[in-house]
Amino acid sequence: MEATLTGSSGVHASNLDAAAKEALRANPGVGFNKVAPPNSTAIKVVIVGAGFAGLTCAIECKRKGHDVLLLEKFKELKIISFAYNAGKIFARWGIHDELWPRCTHHDELYLHNSKGELLTIQKLPNVQYGSYSYNGHRGVIHECVFDYAMSVGVDIRLGQDVSEYWEDEEKGEAGVVANGESIAADVVVGADGVRSKARTLVLGYEDKPKSSGYAIYRAWFNTREQGVDTDPLTDFTCKNGDAFFGWIGPDVHLLSSSSKNGSETAWVMTHKDDADIDESWSFPGKLEDALAVVDGWDPRCAAIISKAPSCVDWKLVYRDPLPTWVSKGARLALIGDAAHPFLPTGIQGASQAVEDGVTLAAALQIGGKQDIPLSVRAWEKIRYQRVRRAQKMGETTRDMWHKAKPTDKGAAIELPRPDWLLGFDAEKNMYDVYEATANAIREKGYELPTLP
């Protein structure tokens with residue numbers, strides 16, 4: 001039984017409908033940054049998971065002329081960041097005016113050591129490489145993207161329990177079993193997150209995570225209701241509008257930001273944790289445990305943490321890079337966290353999920369219905385090393401902050417912001433390099449990706 005879709009009402013929904021229509025009117029056609037006629041490729045795509053990877057893939061599949069069905073297990077639908085490389089995609093959809101007011105607008109990071117000494121003020125421009133970055137509450141941004149998917153006509157079915165993935169190479173199809181119903185497609189996309197069931201079919205075995213040795217406490221709350229603006233130890237975080245502050249120490253870092261002109265506050269703290277769990281998972285946290293982590297630190301840290309009415313304790317596990325994101329017959333592909341979960345310090349997990357969805361839809365359009373396995377394999381080859389480089393950056397950032405010397409200042413402890421990552425246009429690149437990549441696979445055969 002399908003759940004009822006509940007989208008945003010009024011002005012928000014109508015604005016997204018207008019954005020969808022304008023994108024079609026302004027850029028009809030086939031190719032980079034174009035909107036193809038509906039179902040013009042005759043490729044049927046089933047996507048499992050309506051997170052950012054799945055939603056982006058579904059939206060772009062509609063824009064590229066595929067027939068797409070999106071399945072999500074929840075019956076109704078943390079801080080999240082989309083860098084400039086993802087912002088390019090949102091701009092092409094025409095949803096900037098809806099997203100921007102919902103985001104935090106700080107443009108500097110004030111980074112301190114545990115004693116409260118200022119180490120650097122890092123510039124974080126809101127606009128760079130010709131696009132915006134979007135930072136804010138995950139649920140708020142997700143709602144906007146979800147509603148846009150509805151506006152472009154994506155068939156979304158909620159309350160769908162996908163119990164099985166399958167692939168039939170002889171028939172040239174793959175599919176899923178959802179709520180007891182078998183659904184076939186030309187391509188199935190596993191966007192079902194870190195606990196992906198699709199991953200088992202791709203790998204041929206159950207992939208077991210490893211302990212990362214870290215966990216995160218996090219909270220999001222109203223600034224004024226919790227007295228952040230009236231406490232001299234915390235008012236600096238909001239009195240001048242949106243702001244972003246951080247503190248680093250041995251095996252710990254704390255980040256605090258305000259949004260919506262300082263009216264909302266969020267903090268996240270990564271710390272050592274040896275809990276033995278099977279998967280990354282969130283539990284209700286204890287503020288006294290979070291406060292114990294910063295005992296003896298700059299008193300502003302404890303003051304900020306204590307303002308939260310409650311917090312979440314998010315245990316982090318680690319997965320070795322998967323040897324492939326593609327099934328044996330290349331009719332099933334993993335994207336987003338199902339393929340490559342990121343550490344929070346990477347600040348690219350959501351952006352790479354967006355790139356995955358956009359580029360897979362583009363590859364299928366370029367290759368066409370007659371060459372789907374080739375298209376999926378070419379997509380993997382084009383994406384794999386870039387994503388792994390981005391993942392490794394998150395690992396090195398965490399280690400940089402957690403192992404910083406007391407004398408480290410300036411660029412030595414600033415967030416990395418490489419041009420190759422943030423200035424990249426994933427959709428354009430797919431159209432630029434697809435043919436050469438596909439030809440190489442035709443000539444040499446398919447090979448598993450190699451780690452950078």
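Conventions and cut-offs
- Residues numbered from 1 in each chain as written.
- Predicted model: local features only at pLDDT ≥ 70, side-chain atom pairs only at ≥ 80, totals over all residues.
- Heavy atoms only, no water.
- Buried < 20%, exposed > 50% of the residue type's maximum accessible area, 1.4 Å probe, protein only.
- Helix = DSSP H or I, 4+ residues; strand = E, 2+ residues; numbered from the N terminus.
- Contact = heavy atoms within 4.5 Å.
- Expected span 1.5 Å × (residues − 1).
- Disulfide = S-S within 2.5 Å.
- 1 Å grid on protein atoms, 1.4 Å probe; cavity = no way out; pocket = protein on both sides within 12 Å on 5 of 7 lines; lining within 4 Å.
- Points joined across faces, edges and corners; volume = space filled by probe spheres on them.
- Nonpolar A, V, L, I, M, F, W, Y, C, P; charged D, E, K, R; others polar.
- Pairing = 2+ DSSP bridges.
- Axes fitted to C-alpha atoms, helices over the stretch in contact; angles between N-to-C directions.
- Left-handed = near helix turned anticlockwise from the far one by under 90°.
- Polar contact = N/O pair within 3.5 Å; in protein donor to acceptor, adjacent residues only side chain to side chain.

Engineer: Help me understand unusual backbone geometry, please; the structure alone is not making it clear to me.
Structural biologist: When glycine is set aside, most residues are seen to have a negative phi, and most peptide bonds are trans. In this model, Lys260 sits at a positive phi of 50°, which is unusual for a non-glycine residue. Of the residues examined, Lys260 reaches a relative accessible area of 35% and is grouped as partly exposed. Unusually for a residue other than glycine, Ala330 sits at a positive phi of about 60°. Summarising the element assignment, Ala330 is placed in the loop between strand 19 (312–318) and strand 20 (332–334). What makes Ala330 buried here is its relative accessible area of 0%.

Engineer: Just to check I follow, could you spell out the environment of Ala362 for this structure?
Structural biologist: Relative to the elements of secondary structure, Ala362 occurs in helix 9 (residues 349–367). In the structure, Ala362 is positioned 64 residues away from Ala426 in sequence and 9.9 Å away in space, judged by C-alpha atoms. Beyond its immediate stretch of four places on either side in the chain, Ala362 contacts Lys64, Met430 and Tyr431.

Engineer: Sorry if this is basic, but what is going on with helix 2 (residues 52–63) here?
Structural biologist: The periodicity of an α-helix, 3.6 residues per turn, causes residues three or four positions apart to be oriented the same way. Look at helix 2: 16 Å from first C-alpha to last across 12 residues, which is about the 16 Å you get at 1.5 Å a residue. Most of helix 2 sits out of view: 11 of its 12 residues are buried. If you check which residues of helix 2 are buried, you get Phe52, Ala53, Gly54, Leu55, Thr56, Cys57, Ala58, Ile59, Glu60, Cys61 and Arg63. Positive phi shows up at Gly65, right after helix 2, with a value of about 90°.

Engineer: I would appreciate a short explanation of the state of the cysteines in the present structure.
Structural biologist: Throughout this description, disulfide means a covalent bond between two cysteine sulfur atoms. Counted by the stated rule, this structure contains 0 disulfides. Considering cysteine sulfurs only, Cys144 is the nearest to Cys103, which forms no disulfide, with 8.7 Å between them. Since its relative accessible area comes to 1%, Cys103 is described here as buried. Cys238 forms no disulfide, and the closest cysteine sulfur to it belongs to Cys301, at a distance of 16 Å. The exposure class of Cys238 is buried, given its relative accessible area of 7%.

Engineer: Looking at this structure, I do not really get empty space enclosed by the protein. What am I missing?
Structural biologist: It is a probe the size of a water molecule, rolled over the atoms, that shows where empty space is left. Space inside the largest cavity adds up to approximately 70 Å³. Contributing to the lining of the largest cavity are Arg319, Asp320, Pro321, Leu322, Trp325, Ala339, His340, Pro341, Tyr384, Val387, Arg388 and Gln391. Taken together, the residues that form the lining of the largest cavity break down as 7 nonpolar, 2 polar and 3 charged.

Engineer: Just checking my understanding: could you explain the pairing of strand 13 (residues 187–190) for this structure?
Structural biologist: Each regular strand shows side chains that alternate between the opposite faces of the sheet. Side-chain alternation along strand 13 places Val187 and Val189 on one buried face and Val188 and Gly190 on a second face that is also buried. Relative to strand 13, strand 1 (residues 44–48) runs parallel, the two being bridged by 4 bridges. Within the sheet, the bridge partner assigned to Val46 lies in strand 13 and is Val188. Across 3 bridges, strand 13 lies against strand 20 in parallel orientation. The partner of Val189 across the bridge, within strand 20, is Ala333.

Engineer: Whenever I open this one, the packing of helix 9 against helix 12 (residues 426–444) confuses me. Can you help?
Structural biologist: Between two packed helices, what matters for the description is the angle formed by their axes and the separation of those axes. Contact geometry of helix 9 with helix 12 gives a least axis separation of 9 Å together with a crossing angle of 35°. For helix 9 against helix 12, the interelement crossing comes out right-handed. Contacts between helix 9 and helix 12 involve Glu355, Val358, Thr359, Ala362, Ala363, Gln365, Ile366 and Gly367 from the former and Ala426, Glu427, Met430, Tyr431, Tyr434 and Glu435 from the latter. Tallied by class, residues from the contact of helix 9 with helix 12 come to 8 nonpolar, 3 polar and 3 charged.

Engineer: Is there a simple way to think about the sheet that holds strand 9 (residues 155–157) in this case?
Structural biologist: Ordered by their spatial adjacency, 5 strands build an open sheet running 9-2-1-13-20, and the pairing between neighbours is parallel. Sheet topology places strand 9 and strand 20 at the edges, where each strand pairs with a single neighbour. The mean angle between the axes of side-by-side strands here comes to 20°, regardless of whether they run parallel or antiparallel. The sheet contacts of helix 2 involve strand 1, strand 2 (67–71) and strand 13, and relative to strand 2 the element is tilted by about 160°.

Engineer: Explain the sheet that holds strand 10 (residues 162–168) here, please?
Structural biologist: Within a sheet, adjacent strands bond to each other through the backbone by hydrogen bonds, running parallel or antiparallel. Read across the sheet, 3 strands follow the order 10-11-12 without closing on themselves; strand pairing throughout is antiparallel. Every interior strand has two partners, whereas the edge strands, strand 10 and strand 12 (181–185), have only one. Averaged over all pairs of adjacent strands, the angle between strand axes in this sheet comes to 20°, irrespective of strand direction. Note that strand 11 (residues 173–178) and strand 12 share 5 bridges and pair antiparallel. The residue of strand 12 that forms the bridge with Val176 is Ile183.

Engineer: I would appreciate a short explanation of the side chain of Gln365 in the present structure.
Structural biologist: You can see Gln365 is positioned in helix 9. Overall, the relative accessible area of 11% leaves Gln365 in the buried class. Here Gly31 takes part through its backbone nitrogen, which lies 3.5 Å from a polar atom of the side chain of Gln365. Once residues within four sequence positions are removed from consideration, Gln365 is found in contact with Val30, Gly31, Ala36, Thr41, Lys64, His66 and Tyr431.

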